[in-house]
Number of protein chains: 2
Amino acid sequence: MSTPPATDWLRLDQQICFSLNAASRAFGGVYRVVLKDLGLTYPQYLVMLVLWEHGELPVKRLGEHLRLDSGTLSPLLKRLEAAGLVRRERSARDERSVEVRLTGEGTALRERAVEVPRRIAAATGLDLAEIQDLGARLDRLTAALDAYDTDPAPAPS
Amino acid sequence: MSTPPATDWLRLDQQICFSLNAASRAFGGVYRVVLKDLGLTYPQYLVMLVLWEHGELPVKRLGEHLRLDSGTLSPLLKRLEAAGLVRRERSARDERSVEVRLTGEGTALRERAVEVPRRIAAATGLDLAEIQDLGARLDRLTAALDAYDTDPAPAPS
DNA sequence: CGCAATTCAATTGCGCACAACTAAGTGACG
DNA sequence: CGTCACTTAGTTGTGCGCAATTGAATTGCG
């Protein structure tokens, strides 16, 4: 055999995706601690980031930025609305669309969120260049995986 | 000002953790496709990997390998048991512990799983060295994040 | 105009992740 | 021996992620 035994592959496999999965969940743990003061979960924080950056926008656009669909966003946005951070209202010009916009309280929360990134960066133990490099690699990986998602059977050997 | 405006930090922040989160979910999509034939979800597949490698072991040990607790594993293992892949039985020597072991069917499934890693590796578009390097970086990141989790204010310089 | 295809948000159902709690078993120590 | 601290699984409740479906609104096309 030119290839190593299957056992090695099964173990290697775990290293790739499992490492990613574990890192993602470890981040979740840190964010849970850091965001506790703000009363946000990590996905809610991501939504707020997009809104702080882009202002009001429909659910669809929000989902495009975050790679999430309405099945995830609808209940999440309801919780943000219940917390008084956003308002949701049907667009006048297109009644299918729902515009999400920050309340005064939601806008104000940004002031308390600005310190979050520094605390997270500190927790990673990485410097800026490493973070950016890792991010770039991961983005390329995501693009490759998404491409495969829609093209599940490339020609085998 | 020696530091850039807060806006930049908020955007950078999104790049680190969001890239990781997105990559993790993109992996989920690929695994969902690849594992469909086996009737496994990705977390269930991870459990099977551990069992294939280590044989029978208690829920506690399983959780240590996978970084998961009983709140996640108990229902997951029930589903694997309902699918006929594992059996769960109280340890005779320590009645607190529940031993998880593969059934014949669970053991047999390994034969059909050996091709999974190659298909996943193909989907990443990365070669072996890149995969290993990325995995190592992520493992270091996870270790740093876990350390921060239990020690939220490490002494700075 | 009238009808079909499409778009958009919401809902439903299922599974995972995690905190908090419960319950049962074990072991050490007085 | 009895009690008390600890360990181990399981359960409950909340929230995320995604597939599939529903229902309303819009667009395109004859």
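The preceding data block contains the structure.
Anyway, here's the lowdown on the structure attached to this text. (Residues numbered from 1 in each chain as written. Chains lettered and ligands numbered in written order. Predicted model: local features only at pLDDT ≥ 70, side-chain atom pairs only at ≥ 80, totals over all residues. Heavy atoms only, no water.)

1. Quick notes on the sheet that holds strand E1 (residues 57–58) of chain A
Sheet strands line up and pair through hydrogen bonds in the backbone, either parallel or antiparallel. Residue and element names in this part refer to chain A. Counted only if it meets this: Pairing between two strands requires that DSSP report at least two bridges joining them. What counts as a helix is a DSSP run of H or I of at least four residues, what counts as a strand is a run of E of at least two, and both are numbered from the N terminus.
Pairing is antiparallel across the open sheet formed by 3 strands, whose spatial order is E1-E3-E2. Two strands in the sheet have a free side with no partner beyond their single neighbour: E1 and strand E2 (86–90). Pairing geometry for E1 and strand E3 (residues 98–102), over 2 bridges, is antiparallel. If you follow Pro 58 over to E3, its bridge partner there is Glu 99.

2. Concerning the nonpolar core
Rules: By convention a nonpolar core is built from buried Ala, Val, Leu, Ile, Met, Phe, Trp, Tyr and Cys residues, the set being connected through side-chain atoms within 4.5 Å. Each residue's exposure class comes from its accessible area (1.4 Å probe, protein chains only) as a fraction of the maximum for that residue type: buried when under 20%, exposed when over 50%, partly exposed otherwise. An automatic or database domain assignment supplies the start and end points of every domain. Contact definition: two residues touch when any of their heavy atoms are within 4.5 Å.
Ranked by size, the top nonpolar core spans 94 residues in total, and within it Tyr45(A) and Tyr45(B) carry the most contacts. Looking at which domains feed residues into this core, each of domain 1 (23–113) and domain 2 (115–150) of chain A gives three or more. Sequence-distant contacts of Tyr45(A), that is, excluding residues within four places in its chain, are made with Tyr31(A), Leu35(A), Leu40(A), Trp52(A), Val116(A), Pro117(A), Leu10(B) and Asp13(B).

3. Considerations on the interface of chain A and chain B
In plain terms, the rule: A simple way to read buried area is as the amount of 1.4 Å-probe accessible surface that goes missing from two parts once joined, with both sides added. Should a side-chain nitrogen of Lys or Arg be within 4 Å of a carboxyl oxygen of Asp or Glu, the pair is scored as a salt bridge. Identification of polar contacts relies on pairs of N or O atoms within 3.5 Å, with a donor-acceptor requirement for protein atoms, meaning one able to donate a hydrogen and the other able to accept it, and with residues adjacent in sequence counted only if both atoms are side-chain atoms.
Across the boundary between the two partners, chain A contributes 62 residues, which contact 61 residues of chain B. On the chain A side of the contact with chain B, Leu10(A), Leu145(A) and Tyr148(A) bury the most area, a combined 10% of that side's loss. Applying the counting criterion to the chain A and chain B interface returns 4 salt bridges. Its salt-bridge partner being Arg11(B), residue Glu53(A) comes within 2.9 Å of it at the nearest N-O pair. At the junction of chain A and chain B, the tally comes to 20 residue pairs in polar contact (both at pLDDT 80 or more). For the side of chain A that touches chain B, the secondary-structure elements that each account for two or more residues are helix H1 (6–35), helix H2 (42–54), helix H3 (59–66), helix H5 (104–113), helix H6 (116–124) and helix H7 (128–149) of chain A.

4. Observations regarding the protein's contact with DNA strand C
Worth spelling out the cut-off: Consider each residue's heavy atoms; a residue with any of them within 4 Å of a molecule or strand counts as near. Basically, the charged four are Asp, Glu, Lys and Arg, the nonpolar ten are Ala, Val, Leu, Ile, Met, Phe, Trp, Tyr, Cys and Pro, and anything else, Gly included, counts as polar.
Residues in contact with DNA strand C amount to 26 residues; listed here are only the nearest, Lys60(A), Ser70(A), Ser74(A), Lys78(A) and Arg79(B). For DNA strand C, the backbone portion of the atoms within 4 Å of the protein, that is sugar and phosphate, comes to 76%. Lys78(A) places a polar side-chain atom, nitrogen or oxygen, 2.8 Å from a phosphate oxygen of DNA strand C. Arg96(A) is positioned with one of its side-chain polar atoms (N or O) 3.2 Å from a base oxygen of DNA strand C. Elements supplying a minimum of two residues to the surface near DNA strand C: H1, H3, helix H4 (70–82) and E2 of chain A together with helix H2 (42–54) and helix H4 (70–82) of chain B. Considered class by class, the residues forming the surface near DNA strand C number 6 nonpolar, 8 polar and 12 charged.

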